[in-house]
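# Breakdown of the fold
In case you want the letters, here they are:
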Amino acid sequence: MTFGTYLGNWGDFTSALQHPQSGPLTGPSPAAVTVGGGGAMLLAGRYLLGGGGYGLFAPRMHADWGDARLTGGGGGFHVGLVVVNARRWLLYPLVGAGGMGYTVQVNNRSDQDLTFGDATIATNSSQTFATGFWTFELGVGFKRLLYPRDFGGGLISGGSVGMMMSLADGAWEIEADATPVAAAPPLRMLGFYLRLDIGGGGFFWREFGGKLRSRR
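Predicted model only: the values in this text are computed from it and were never measured.

Calculation criteria
Residues numbered from 1 in each chain as written. Predicted model: local features only at pLDDT ≥ 70, side-chain atom pairs only at ≥ 80, totals over all residues. Heavy atoms only, no water. Helix = DSSP H or I, 4+ residues; strand = E, 2+ residues; numbered from the N terminus. Contact = heavy atoms within 4.5 Å. Areas by Shrake-Rupley, 256 points an atom, 1.4 Å probe, with all protein chains shown as cover. Lys, Arg positive; Asp, Glu negative; His and termini not counted. Charge placed at Lys NZ, Arg CZ, Asp CG, Glu CD. Core = buried A, V, L, I, M, F, W, Y, C linked by side-chain atoms within 4.5 Å. Buried < 20%, exposed > 50% of the residue type's maximum accessible area, 1.4 Å probe, protein only. Patch = residues over 30% accessible without salt bridge, like charges linked within 9 Å, V, L, I, M, F, W, Y side chains within 5 Å. Salt bridge = Lys/Arg side-chain N within 4 Å of Asp/Glu carboxyl O.

### Re the overall build of the protein chain
- Of regular secondary structure, the protein chain possesses zero helices and 15 strands.
- Projected onto the principal axes, the alpha-carbon positions of the protein chain cover approximately 75 × 30 × 25 Å.
- Across the protein chain, the fraction of contacts at a sequence separation of at least 24, relative to all contacts at a separation of at least 6, is 69%.
- Element-wise, carbon and sulfur atoms account for 61% of the exposed surface of the protein chain, whose accessible area totals about 11300 Å².
- In the protein chain, the 16 positive side-chain charges and the 14 negative ones have mean positions that sit 29 Å from each other.

### Overview of the side chain of T2
- Its location among the elements puts T2 in strand β1 (residues 2-9).
- With near-sequence residues (within four places) excluded, T2 lies in contact with T34, V35, G36, G37, R195, L196 and D197.

### Some thoughts on the nonpolar core
- Residues W10, Y102, V104, V106, F116, F129 and W172 are the most contacted members of the largest nonpolar core, which totals 39 residues.
- Counting residues per element, the ones that place at least two in this core are β3 (31-43), β4 (47-57), β5 (61-63), β6 (66-81), β8 (89-108), β9 (114-116), β10 (119-121) and β11 (125-145).
- Looking at this core element by element, the count peaks at seven residues for β8.
- Residue contacts for W172: discarding those within four places in its chain leaves F13, V104, F116, F129, A130, T131, P180, V181, A184, P185, P186 and L187.

### Description of a nonpolar patch on the surface
- On the surface, M1, F3, V33, V35, F57, L146, L155 and I198 cluster together into a nonpolar patch covering about 720 Å² of accessible area.
- Following the sequence through the fold, V33 ends up in strand β3.
- Residue class for V33 comes out partly exposed when judged on its relative accessible area of 47%.

Everything listed here is a matter of geometry and, on its own, says nothing about what the molecule does.
Quick look at the structure:
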């Protein structure tokens, strides 16, 4: 299981939400919470291959006419080069790639229509818009065995910190029927993440310098 936070920039897509007699939408917040999971394999005590997926949840954005909520989900793979492999610790720089999909649900609680680009959200109704893109990341990760090296498996904790960015702009469409939305700025992603995880594993841990404990 992985828990973390993302801090960065989403682009200027909220400027496309226009209401005739109300102020702009506040946000989006530069911070979001991530929850997910994944796994990894250590090869020859030197190379780490991993992957996983997670959901992303940003705080709700508010305006006089209503509110909007940005959520996302996706995942990818990463490769690490282990530079420290001692005393039950692994430390490694990593590079990764993957994909993310996002939705923004807009709730118009006013008595007038609201527009997002050339799309209309009728009075007292909701509309969900979707987008997505490929991602790239650079970071540093660590793992620590929470059991003696001569055991064959058990709890493992770890984490990573790094930079993640979108490789292309994410054009919006209406989620219900995939109709493209014109004149709405695309979603972008550029920022930093911190992830902490806890899980388990084992079987072949000679890469950590230990011997498997014989068992009856």
